[in-house]
Every structure is written in structure tokens, then in C-alpha cells.
Amino acid sequence: MKGKNRAVLLIHCPDRPGILAAVTDFINQHRGNILYLDQYVNHEESTFFMRVEWDLTDFQIPREKVEDYFHTLLAIRFDMNFRLYFSDVKPRMAIFVSKMSHCIYDLLARYASGEWNVEIPLIISNHADMETVAERFRIDYHLFPITGENKAEQEAREIELLKKHKVTFCVLARYMQVLSTDFIRHYPDRIINIHHSFLPAFAGARPYHAAHARGVKIIGATSHYVTGDLDAGPIIEQDVARISHKDTIDELIKKGRDLEKIVLSRAVEKHIDRKILSYKNRTVVFQ
């Protein structure tokens with residue numbers, strides 16, 4: 001969501017006639033200039049989804065009152081769930097990483113190039129391996145070694161640190177720890193993870209080895225929001241690559257890691273741009 005003076009609404013509600021007209025009238029009547037609008041109806045569940053973005057330059061409602069006005073005039077009437085965002089309020093992202101560097105390098109390269117409208121105040125890890133990467137990009141690195149005995153205590157310290165830095169969402173860049181339900185509760189639909197698409201067929205620590213042994217022809221990667229159910233949260237982005245019997249295990253790993261970093265970055269970008277709406281363990285991803 002680029003531009004210094006824009007607002008975005010993400011909406012879902014029971015489907016009924018007049019919703020689209022009411023939302024656009026609300027913006028137009030108060031002299032907002034609509035820049036982007038996308039809507040979708042799930043006919044099986046009779047649910048309406050919408051993303052609308054508009055220019056606030058001549059908008060007559062003060063920005064601090066837009067949410068109240070919309071709630072009073074439209075949300076109550078249509079039984080809407082909605083979120084309002086402003087383009088000049090940058091999301092604040094924390095990266096969690098362990099020992100693998102491919103995903104974090106891709107994220108930080110996009111950040112450093114100004115590709116994303118986001119701030120990254122800190123990196124959290126359970127190992128010291130990626131500290132030099134953080135130093136290279138001048139981002140604070142915080143080490144929290146995790147064991148079975150100290151997991152709850154360390155997560156509590158991590159949450160305290162995230163709150164202190166006003167982090168709005170977290171990205172697990174091959175962070176090899178399972179977050180507790182209590183941790184996830186603090187950031188619902190705001191923790192993004194990446195994993196290989198071999199799950200559940202090739203679960204475990206060596207999925208590429210297992211895939212190679214089976215002679216698979218397609219490998220992939222999946223990025224999703226983290227929930228209390230392991231690797232079962234709402235899917236944001238996926239991609240695949242074809243392979244053949246000629247590919248060695250090392251070549252599978254290389255192709256797989258390329259997919260992982262690309263798919264994770266696509267998911268992060270969609271989250272930053274406020275293009276994802278989660279609903280019943282699924283996502284509506286607006287283009």
C-alpha cells in the first residue's frame with residue numbers, strides 16, 4: 001500500500017444487496033477518491049468480502065474519526081467485521097530465524113532496497129548464527145536460546161520485547177521452534193510461516209531426502225498464518241517447481257530453498273499491503 005495519504009478498508013459480512021453501493025457512497029459522499037476496489041462473494045456461505053483503498057487528500061472526515069463514522073453508519077447496519085489502515089502508518093515486522101539464511105537474506109534485501117513499506121526493528125533467534133547478518137543490515141539481534149525447561153519463560157521475554165518495540169506482525173524465516181499457543185494468542189493472523197509443501201507426506205527433519213527417495217516430480221513451498229494447529233493455518237501463498245530423476249538431493253534442496261524464500265516474501269508483501277483477509281482458517285487474497 002504505497003502513497004502517503006491513503007486509507008484501506010478490509011471488510012467481510014453476511015452477503016445482502018446494497019453493500020458495495022453503501023461503502024462506495026460513504027467514501028464518495030465525503031469526497032474520498034477511490035483508487036482500488038475488489039470484492040468477492042462466497043456463495044456457499046453467503047459471505048461478502050471487500051478491499052477498498054482511497055485517497056484521503058480531500059476526505060472530509062478527520063482520520064481519527066473515520067473508524068467511528070464507518071462503524072456507526074455502515075458496520076452496524078450490515079453486521080460487518082472490518083479493519084481500517086492508513087498508508088503512512090508502517091507495519092512493524094519482527095523476523096524470527098534459527099540457522100538457515102536463505103529466507104532472511106531475501107526479506108532483508110527487499111527491506112533495504114525500499115521495496116516494502118515496513119519497519120524491521122529487531123530480529124529474534126534461538127541461535128547466534130545469523131547475528132552477523134543482522135549487523136550487516138544494522139538491525140538489533142536478540143538471542144533467546146530455547147530448551148524444554150525455559151521455553152515459557154523465554155517466550156514471555158520475547159513477547160515483552162515485541163510489545164516494547166510495537167511490533168505488529170512476525171515472520172518465521174525458517175525459525176525451527178514451535179511457538180506455544182499462548183504466544184500465538186498475542187498475534188492472531190499476524191505470524192507468517194514458511195515450509196516445504198511436502199507436508200504431511202514428507203514430514204520430519206529431512207523432507208528433501210524423503211522426496212528424492214520417492215522420486216517426486218514436483219516440489220513446492222507454502223506460506224501461511226500460524227495457528228495452534230501445527231502447519232495448518234490459513235494459507236497465503238504457494239508455488240511449485242518441476243524436478244526430474246536427474247536432480248540430486250543437493251539440487252532439490254537448492255530449488256526448494258529458492259521457492260521458500262520467494263513464497264515467503266510474496267506472503268509478507270501481501271500482508272504489508274493489507275491485501276489478506278482471514279476467515280474460518282482460509283484467506284481471501286486480493287490482487
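Notes on the structure follow. (Residues numbered from 1 in each chain as written. Predicted model: local features only at pLDDT ≥ 70, side-chain atom pairs only at ≥ 80, totals over all residues. Heavy atoms only, no water.)

**Let's talk about the nonpolar core**
Okay, step 1: Core analysis: the biggest nonpolar cluster contains 39 residues, and Met 93, Ile 95, Ile 123, Leu 264 and Val 268 have the highest contact counts within it.
Okay, step 2: Here the element with the most residues in this core is helix α8 (residues 249-272); it accounts for 8 residues.
Okay, step 3: Those residues in contact with Ile 95 that sit more than four places away from it in its chain are Ile 104, Leu 107, Leu 108, Ile 120, Leu 122, Ile 123, Ile 124, Val 171 and Ala 173.
Okay, step 4: Ranked by size, the runner-up nonpolar core spans 26 residues in total, among them Cys 13, Val 41, Met 50 and Leu 74. (Core = buried A, V, L, I, M, F, W, Y, C linked by side-chain atoms within 4.5 Å. Buried < 20%, exposed > 50% of the residue type's maximum accessible area, 1.4 Å probe, protein only. Helix = DSSP H or I, 4+ residues; strand = E, 2+ residues; numbered from the N terminus. Contact = heavy atoms within 4.5 Å.)

**What about the sheet that holds strand β4 (residues 81-86)?**
Sheets are built from strands that pair by backbone hydrogen bonding, the pairs being arranged parallel or antiparallel.
Okay, step 1: Read from one edge to the other, the open sheet built from 4 strands follows the order β2-β3-β1-β4, with strand pairing classed as antiparallel. Where the open sheet ends on each side, the last strands, each with one partner, are β2 (33-42) and β4. In this sheet, neighbouring strand axes are inclined to one another by 10 degrees on average, regardless of whether the strands run parallel or antiparallel.
Okay, step 2: Examined bridge by bridge, strand β1 (residues 6-14) and β4 share 6 bridges and lie antiparallel to one another. Across the sheet, the residue bridging to Leu 10 is Arg 83, located in β4. (Pairing = 2+ DSSP bridges. Axes fitted to C-alpha atoms, helices over the stretch in contact; angles between N-to-C directions.)

**Brief notes about helix α7 (residues 207-214)**
Okay, step 1: Taken together, the buried positions of α7 are occupied by Pro 207, Tyr 208 and Ala 211. Take α7 and look down its axis: the buried residues cluster within an arc of 95 degrees, on one side only.
Okay, step 2: Among the structural elements, β9 (191-196) and α8 are those in contact with the buried residues of α7.
Okay, step 3: Of the residues trailing α7, Gly 215 is marked for its positive phi of about 70 degrees. (Arc of directions from axis to C-beta.)

**As for the packing of helix α3 (residues 102-112) against α8**
Okay, step 1: One can describe the packing of α3 onto α8 by two numbers: an axis separation of 9 Å at closest approach and a directional angle of 40 degrees. With respect to α8, the axis of α3 lies oblique. Handedness of the α3/α8 crossing: right-handed. When α3 is examined against α8, the residues His 102, Cys 103, Asp 106, Leu 107 and Arg 110 are found in contact with a partner set consisting of Arg 257, Glu 260, Lys 261, Leu 264, Ser 265 and Val 268.
Okay, step 2: Counted by class, the contact of α3 with α8 contains 4 nonpolar, 2 polar and 5 charged residues. (Parallel < 35°, antiparallel > 145°, perpendicular 65-115°, else oblique. Left-handed = near helix turned anticlockwise from the far one by under 90°. Nonpolar A, V, L, I, M, F, W, Y, C, P; charged D, E, K, R; others polar.)

**Focus on empty space enclosed by the protein**
Regions of empty space are outlined by a rolling probe, equal in size to a water molecule, passed over the atoms.
Okay, step 1: Overall, the coordinates contain 1 cavity of 30 Å³ or more when judged by the stated rule.
Okay, step 2: The volume enclosed by the largest cavity comes to roughly 30 Å³.
Okay, step 3: Lining the largest cavity are Ile 146, Lys 151, Glu 155, Glu 158, Tyr 175, Gln 177, Val 178 and Leu 179.
Okay, step 4: Partitioned by chemical class, the residues of the lining of the largest cavity number 4 nonpolar, 1 polar and 3 charged. (1 Å grid on protein atoms, 1.4 Å probe; cavity = no way out; pocket = protein on both sides within 12 Å on 5 of 7 lines; lining within 4 Å. Points joined across faces, edges and corners; volume = space filled by probe spheres on them.)

**Points about helix α1 (residues 19-29)**
Okay, step 1: For α1, the set of buried residues is Ile 19, Ala 22, Val 23, Thr 24, Phe 26 and Ile 27.
Okay, step 2: Two residues or fewer after α1 comes Arg 31, characterised by a positive phi angle close to 65 degrees.

**Structural notes on the sheet that holds strand β11 (residues 235-242)**
Okay, step 1: Taken together, 7 strands build an open sheet; the order of strands is β7-β6-β5-β8-β9-β10-β11 and the sheet is mixed. On the outer flanks of this sheet lie β7 (140-143) and β11, each paired with one strand and no other. Between one strand axis and the next, the sheet turns through 20 degrees on average, direction left out of account.
Okay, step 2: Note that strand β8 (residues 169-172) and β9 share 3 bridges and pair parallel. Paired with Leu 172 across the two strands is Asn 193, which belongs to β9.
Okay, step 3: Packing of α3 onto the sheet brings it into contact with β5 (92-97), β6 (119-125), β8 and β9, and relative to β6 it is tilted by some 165 degrees.
Okay, step 4: Across the sheet, helix α5 (residues 151-164) touches β5, β6, β7 and β8, and the angle it forms with β6 is around 170 degrees.

The quantities given are spatial measurements derived from coordinates; they are silent on function.
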